[in-house]
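Read off the chains here:
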Amino acid sequence: MLKPPFILSIAGGGSTYTPGIVKSLMVRLEDFPLAEIRLYDIDVARQSTIAPVVEKVIRDHSQSIKFTVTSDPEAAFSGAHFVFAQMRVGQYKMREQDEKIPLRHGVVGQETCGPGGLAYGLRTILPMVELIDLVERYADKRAWIVNYSNPAAIVAEGVRRLRPDARVLNICDMPVAAMRNMGAILGVDRHKLEVDYFGLNHFGWFTRVLVDGEDRLPQLREHIARFGLLTEDAAQTDPQHSDPSWVKTWRNIKPLMDHFPEYLPNPYLQYYLMPNEIVEHQDPNYTRANEVMNGREKKLFAAALEYQRTGVLPDAFHVGVHGAFIVDVACSLAFDLRQRHLVIVENKGAIANLPYDAMVEVPAYITANGPEPVRMGAVPLFHQTLLMQQLASEQLLVEATIEGSYEKALQAFTLNRTVPTMQHAKAILDEMIAANREYWPALQKAWENGRAIKK
Ligand SMILES: NC(=O)c1ccc[n+]([C@@H]2O[C@H](COP(=O)([O-])OP(=O)(O)OC[C@H]3O[C@@H](n4cnc5c(N)ncnc54)[C@H](O)[C@@H]3O)[C@@H](O)[C@H]2O)c1
Ligand SMILES: O=P(O)(O)OC[C@H]1O[C@H](O[C@H]2[C@H](O)[C@@H](O)[C@@H](O)O[C@@H]2CO)[C@H](O)[C@@H](O)[C@@H]1O
Ligand SMILES: [Mn+2]
């Protein structure tokens, strides 16, 4: 087992989440002792703006932890024990394109779902593999990469195909955020909940919500039938979730469950099951990327400048489930705690009627050797069919990336439930290829070489 104190590297050090994650680490130093924190990013300017804020967060808790900020992979990963990955390949500029291009065609414009998520996947798979190779070259051979980089479902499938033996655990905070709201509704801390859940990342369902052995899903159904999965103090538990788009998202659990009350859906299912309503409420000129750039990002950068000017750090970042969850997972990996968490793992029979090698999201016991998934059994035909279609779309996208295949990319887009016709798929994909010229050279070439289907 790895011996503390640990060297932890954060890849995507310039992320808006870095100060919050580091704060979460600082309040858990007894559980997860640290010798050094390293920030690694390819955007030197962005990372160096955020670094002083991160250093202040560290120094408020520890004078001894070494702090390194670098864009040199060797300096970032040499001897590291843990790497937290949170890269946004293409940054918010490309997220905006991912959201706005589909919307121009009347299709959902979203960071990780539908064509936007597929485009983000095409950009991220190869940089993720590059990160794995760098970590394998320089870090401790037992090092774990705990990955938040989205789109996590596609990244996980890409990594399974290209680096099957890598010590990477892909995670998502959405189920944990849902459990936080469930806990608030039930009047219990989220850590008291034991849930059963099956699906793919951003595409799954809670089937049981146990508190002291009793299933409280019936009580949650009653609340959701009136308010969705929204609590009155949502704004206090997570300031970002007072943004209009998040309030709407939590409210939409109501229509989803009004139609299919058996299981409690992941909020992201709104994009697949009610895409028309989503598009109707989206402003094609002001999407979530704009909300984030004018909200979370602006606030953090303003705080960084204010700190530089005055030496006083304004309260500009939120320490919520996002940071707490990754630290929980890392503790369980480090000390073989075998805690039960929802993570993204190779199926291997956990969902009996999905392919053995699908990357699924289910509860797993997190050991020092990685996750041991819990068997969720066979899922109903309705859910199995939705899952198979989504899985096929994501797997074709991964194949498109690996092979540089325009046809497979078009199949991936066409198969996605958010896309009504092959003509929509082609129009959106072609605009996205133009917008992603610098990120998808192989696809661009395939397209230019006339392998693209003529209009
Ligand atoms: N899995 C989850 O549930 C979850 C939750 C929240 C955020 N996220 C993800 O976390 C990431 C960060 O989100 P954010 O909103 O803070 O984005 P951000 O743009 O603020 O930060 C991402 C950073 O990654 C850097 N980066 C891009 N490509 C890189 C590369 N190849 N190597 C190293 N660094 C690179 C960027 O320069 C940027 O500084 C995104 O991928 C987002 O989707 C995932
Ligand atoms: O639109 P963004 O950038 O604000 O968020 C997109 C991410 O949304 C989910 O993460 C939430 C999380 O659920 C919540 O509890 C809190 O920590 O904020 C996060 C960001 O809003 C989702 O799981 C991620 O995959 C998305 O990237
Ligand atoms: Mn997520």
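The name an unreviewed UniProt entry gives the protein is 6-phospho-alpha-glucosidase, with Phytobacter diazotrophicus as the organism.

Caption draft 1: Representation of the confidence of the model for the protein within the structure. Here the protein shows a mean pLDDT of 95. Residues at 70 or above account for 98%. For this predicted complex, the interface score ipTM comes out at 0.98, while the overall pTM is 0.97.

Caption draft 2: Geometry of the coordination of the manganese ion (ligand 3). Taken together, the protein donors to the manganese ion (ligand 3) comprise Cys 172 (SG) and His 202 (NE2), at separations of 2.2 to 2.3 Å. Taken as a pair, Cys 172 in the loop between strand E6 (168-170) and helix H7 (174-186) and His 202 in the loop between strand E7 (193-200) and strand E8 (203-211) lie far apart in primary sequence, 30 residues in all. Comparing Cys 172 with His 202 shows no difference in burial state: the two are buried.

Caption draft 3: Seen up close, the site of ligand 1. The local shell around ligand 1 holds 26 residues, among which Ser 15, Thr 16, Arg 46, Tyr 92 and Tyr 120 are the closest. One of the side-chain nitrogen or oxygen atoms of Arg 88 is found 2.9 Å away from an oxygen atom of ligand 1. One of the side-chain N or O atoms of Arg 296 is found 3.0 Å from an oxygen atom in ligand 1. Contact with the protein chains removes 95% of the 860 Å² of surface that ligand 1 exposes when unbound.

Caption draft 4: Structural detail: the nonpolar core. If you look at the biggest cluster of nonpolar residues, it comprises 96 residues, and the most contacted ones within it are Leu 25, Ile 37, Phe 82, Met 182 and Leu 264. The greatest single-element share of this core, amounting to 9 residues, is contributed by helix H15 (residues 321-335). Setting aside anything within four residues of it in sequence, one finds Leu 264 in contact with Met 182, Gly 204, Trp 205, Phe 206, Leu 217, Leu 220, Ile 224, Leu 229, Ile 253 and Met 257.

Caption draft 5: A look at the site of ligand 2. Taken together, the neighbourhood of ligand 2 is formed by 20 residues, with Tyr 17, Arg 95, Asp 173, Arg 288 and Arg 296 sitting nearest. Within the side chain of Asn 150, a nitrogen or oxygen atom sits 2.8 Å from an oxygen atom of ligand 2. In the environment of ligand 2, an oxygen atom lies 3.1 Å from a nitrogen or oxygen atom belonging to the side chain of Tyr 268. Protein chains shield 94% of the accessible area of ligand 2, which is 520 Å² for the free molecule. Put simply, the parts of the chain that give the shell around ligand 2 at least two residues each are H7, helix H14 (288-310) and H15. Here the shell around ligand 2 is composed, by residue class, of 8 nonpolar, 5 polar and 7 charged.

Caption draft 6: Examining the packing of aromatic side chains more closely. On inspection of all chains with the given rule, the structure shows 13 aromatic pairs. Note on Phe 6 and Phe 32: the rings are 5.0 Å apart at their centroids and 40° apart in plane angle, and the pair reads as tilted. With Phe 6 in strand E1 (residues 6-11) and Phe 32 in the loop between helix H1 (18-26) and strand E2 (34-40), this residue pair connects regions lying 26 residues apart in the sequence. Here Phe 6 and Phe 32 have matching classes, each one buried. Arranged with centres 5.3 Å apart and planes meeting at 70°, the rings of Phe 6 and Phe 82 form a pair that is edge-to-face. One end of the pair, Phe 6, is in strand E1; the other, Phe 82, is in strand E4 (residues 82-85), and 76 residues separate them in sequence. Considered together, Phe 6 and Phe 82 belong to a single accessibility category, that of buried residues. The structure contains a cluster of three or more aromatic residues connected by ring pairs, namely Phe 198, Phe 203, Trp 205, Tyr 263 and Tyr 272. Note that Arg 123 overlies the ring of Tyr 439, its terminal NZ or CZ placed 5.9 Å from the centroid.

Caption draft 7: Spatial organisation of the environment of Gln 389. Its place among the elements puts Gln 389 in helix H16 (residues 381-403). Separated by 378 residues in the primary sequence, Gln 389 and Ala 11 have C-alpha atoms spaced 32 Å apart.

Caption draft 8: Just the packing of H1 against H15, in detail. Between H1 and H15, whose axes approach to 8 Å, the crossing angle comes to 55°. Compared by their axis directions, H1 and H15 come out oblique. In this structure, H1 meets H15 at a crossing whose hand is right-handed. Contact residues: Ile 21, Ser 24 and Leu 25 in H1; His 322, Gly 323, Ala 324, Ile 326 and Val 327 in H15. Per-class residue counts for the contact of H1 with H15 are 5 nonpolar, 3 polar and no charged.

Caption draft 9: Here's a closer look at helix H5 (residues 114-138). Under the 1.5 Å per step criterion, the end-to-end length of H5 is 36 Å for 25 residues, consistent within 8% with the ideal 36 Å. When the local axis directions of H5 are compared, the greatest deviation, roughly 35°, occurs at Thr 124, which is followed within four positions by the proline Pro 127.

Caption draft 10: Broad picture of unusual backbone geometry. Of note, the bond from Pro 4 into Pro 5 is cis; its omega dihedral lies within 30 degrees of zero at 0°. Within the secondary structure, Pro 5 sits in the segment before E1. Despite not being glycine, Asp 336 has its phi angle at roughly 55°, a positive value. Assignment of secondary structure puts Asp 336 in the loop between H15 and strand E11 (339-346). In this structure, Lys 348 is a non-glycine residue whose phi angle is positive, near 45°.

Caption draft 11: Spotlight on H16. Taking 1.5 Å per residue, 23 residues should reach 33 Å; H16 reaches 32 Å between its end C-alpha atoms and fits that length. One or two residues past the end of H16 sits Gly 404, with phi positive at roughly 65°.

What counts, and where the lines are drawn
- Residues numbered from 1 in each chain as written.
- Chains lettered and ligands numbered in written order.
- Predicted model: local features only at pLDDT ≥ 70, side-chain atom pairs only at ≥ 80, totals over all residues.
- Heavy atoms only, no water.
- pLDDT = per-residue confidence, 0-100.
- Donors = N, O, S within 2.8 Å, 3.2 Å for Na, K, Ca; no water.
- Helix = DSSP H or I, 4+ residues; strand = E, 2+ residues; numbered from the N terminus.
- Buried < 20%, exposed > 50% of the residue type's maximum accessible area, 1.4 Å probe, protein only.
- Near = heavy atom within 4 Å.
- Polar contact = N/O pair within 3.5 Å; in protein donor to acceptor, adjacent residues only side chain to side chain.
- Areas by Shrake-Rupley, 256 points an atom, 1.4 Å probe, with all protein chains shown as cover.
- Core = buried A, V, L, I, M, F, W, Y, C linked by side-chain atoms within 4.5 Å.
- Contact = heavy atoms within 4.5 Å.
- Nonpolar A, V, L, I, M, F, W, Y, C, P; charged D, E, K, R; others polar.
- Phe/Tyr/Trp six-rings, centres within 6.5 Å; stacked < 30°, edge-to-face > 60°.
- Lys NZ or Arg CZ within 6 Å of the ring centre and 35° of its normal.
- Axes fitted to C-alpha atoms, helices over the stretch in contact; angles between N-to-C directions.
- Parallel < 35°, antiparallel > 145°, perpendicular 65-115°, else oblique.
- Left-handed = near helix turned anticlockwise from the far one by under 90°.
- Expected span 1.5 Å × (residues − 1).
- Bend = angle between axes of the 7 residues up to and from the residue.

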